[in-house]
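# Examining the three-dimensional arrangement
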Amino acid sequence: MTETFTKIGVIGAGSMGSGMAMLFAENGLDVSLYDIKGENIDNLTDNLNDPQSGLEPSLHQKVAGYKDLTEFMKSLGGKDADKLLVFSIPHGSAADKVIEQIREFLTSGDIILDGGNEWYENARRRQKELQPHGISYLSMGVSGGYQSARRGPSISPSGDRAALERVMPLLEKFAATDPKTGKPCVTNVGPGPSGHYVKMVHNGIEQGILGIVNETWEILYKCLHTDLDTISSIYKKWEDEGELKRNFLFGIGADICRRHKEKGEPGHIVNEVQDKVVQDADDSEGTGFWTVVEAANRHVSAPTISSAHFFRIASSDRAQRMQVVEALGEGIGGARKQHVEEKFKKEFVEDLRLAAYCACLASFAQGMNLIARASKDEGWGVNLARCIQIWREGCIIRSEYIADLLEPLYEKEPGVLNTLTLRPVAEEIRRTIPHLQKVVKHALEWNAHVPTMSASLEYFKYCGGKHLPSQFMEAELDYFGAHNYDLKSEGDGEVKKGKHHHEWKPA
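Throughout what follows, the structure given in this document is the object of discussion. (Residues numbered from 1 in each chain as written. Predicted model: local features only at pLDDT ≥ 70, side-chain atom pairs only at ≥ 80, totals over all residues. Heavy atoms only, no water.)

## A short note on the pattern of salt bridges
Opposite charge on two side chains lets them pair, provided their charged atoms get close. Across all of its chains, the model carries 41 salt bridges by this definition. The salt bridge partner of Arg353 is Glu243, with a shortest N-O separation of 2.5 Å. Residue Arg353 is located in helix α15 (residues 342-378), and its partner Glu243 is located in the loop between α10 (228-240) and α11 (248-258); the two are separated by 110 residues in the primary sequence. Here Arg353 and Glu243 have matching classes, each one buried. Its salt-bridge partner being Asp377, residue Arg298 comes within 2.9 Å of it at the nearest N-O pair. (Salt bridge = Lys/Arg side-chain N within 4 Å of Asp/Glu carboxyl O. Helix = DSSP H or I, 4+ residues; strand = E, 2+ residues; numbered from the N terminus. Buried < 20%, exposed > 50% of the residue type's maximum accessible area, 1.4 Å probe, protein only.)

Have a look at this one:
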């Protein structure tokens, strides 16, 4: 059953919530906006009138701000009306508190779209608590940052099928549009909290690619002393064509590198930015951490994603890091400037482009393997091809060449658990891994920081290793822990404890 909603309530009037409110208004809805922080409601008029991202004056009347929660809920029609709510609030207890506060106003037929970056188990719990009362809590990933929340995000909703059918026409109008096919970048991901799970992994893949972009920047800027405006041109060329075509993060990297200080002051804004990422360490963002934990829990190797995460963690406490610098000396962690011939530099920039692409494939493969494993474990039936399709626009991991590679492969093999087993992906890795090897080799010689690219290289090496040194590790485990082992002569074996033990040394 589809339904035409005329009103929607948005809880959370920060940059994401206010952006979504304006986009809903542009799509014909009357929007009520509430925030526990009164200053966010006070800022609503300024947001609506912003010359860059504001709303047409004729539509201002379609957005009403509320500081009182009771008045906000009454504005949606009261208890007799089927209410549609969107949460744009921090993960964790915030949503539980809001649900507790509005519970008396909720009745059978109401729908909550939780668009925050929520831990999927919290989403599962809320679905179970509310469903018996006829209230549908839909787990809804919203990708693309506050700019896409305003102009059209990638959306991954999941939960009760009937409720999803009621809201899908609205979400299809609200979502970004794939410029290649004209399709909306939204799909019914599956049952339960699978929508938040897919968004979590999206952010894990994003974390890996952010690490890769960050490493290419240091190599170009600090090792090859390429000026920022030239780096901007390099990134723009990479984004315009080839394997990194329409890669969102390299695209905004080009914009950042060309952004000079305002009012004619010399220099670039990026050179004033402190070298620390704190959103993981201060718990304001959980998706990257959760992806690493989930990969470990579900036995999916994800070193590109996890290395990027631990790099961010190490960067976060700069004061402590300066103490380590004092103890170890600045030479340990300082990228070294190189003097190279122009011919070498030109060739190396091309190596760097293909190395970045190869490492991006590693991040995508690890993330998609995690979604596939979780979907199988949970019985969600997540369509991997549709995940790639909704990531073609309105999200941070948009990368057209990679999407063109992966989407048709997942359509042909929807049950694949390891993306590296797909022949065309393997061919791309074989073609580009020599460039990744070359970049990592030189980066180590130049003391550049390459945790994600080096981890990606090792990932391909050990996933594609016919004979790994883990046979020696298995022997040592058996030596001190009697963990047992399988024999080579018995074939590949299974993922379970071996049948053999050797008494290396009596107790």
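## Quick notes on helix α13 (residues 303-316)
With 14 residues, α13 extends 20 Å between its outermost C-alpha atoms, agreeing within 8% with the 20 Å of an ideal straight helix rising 1.5 Å per residue. Every buried residue of α13 is listed here: Pro303, Thr304, Ile305, Ser306, Ala308, His309, Arg312, Ser315 and Ser316. Structurally, α13 contributes buried residues whose contacts are with α9 (194-223), α12 (287-297), α14 (318-328), α15 and α19 (451-463). (Expected span 1.5 Å × (residues − 1). Contact = heavy atoms within 4.5 Å.)

## Examining the nonpolar core
If you look at soluble globular proteins, the nonpolar side chains tend to sit buried side by side. Counting 84 residues, the largest nonpolar core has Ile219, Tyr235, Trp391 and Met453 as the members making the most contacts within it. Looking at this core, the element that brings in the most residues is α15, giving 18 residues. Ignoring sequence-local partners within four residues, the contact set of Trp391 consists of Ser154, Val198, His202, Ile205, Phe364, Met368, Ile371, Ile397 and Arg398. Counting 36 residues, the second-largest nonpolar core is a separate cluster that includes Ala21, Val86, Ile155 and Val167. (Core = buried A, V, L, I, M, F, W, Y, C linked by side-chain atoms within 4.5 Å.)

## Let's talk about the packing of aromatic side chains
According to the stated counting rule, one finds 19 aromatic pairs in the structure shown. Aromatic side chains Trp119 and Trp290 sit 5.4 Å apart centroid to centroid with 45 degrees between the ring planes, which places their arrangement in the tilted category. With Trp119 in the loop between β5 (111-114) and α6 (120-130) and Trp290 in helix α12, the pair connects residues that are 171 residues apart, well separated along the chain. Accessibility expressed as a relative area gives 22% for Trp119, which makes it partly exposed. Geometrically, the ring pair formed by Tyr120 and Tyr197 is edge-to-face, given 4.8 Å between the ring centres and 85 degrees between the ring planes. With Tyr120 in helix α6 and Tyr197 in helix α9, this residue pair connects regions lying 77 residues apart in the sequence. In terms of burial, Tyr120 and Tyr197 fall into one category: buried. Feature note: the residues Trp119, Tyr120, Tyr197, Trp290 and Trp380 constitute an aromatic cluster, connected by ring pairs. (Phe/Tyr/Trp six-rings, centres within 6.5 Å; stacked < 30°, edge-to-face > 60°.)

These figures capture arrangement, not role.
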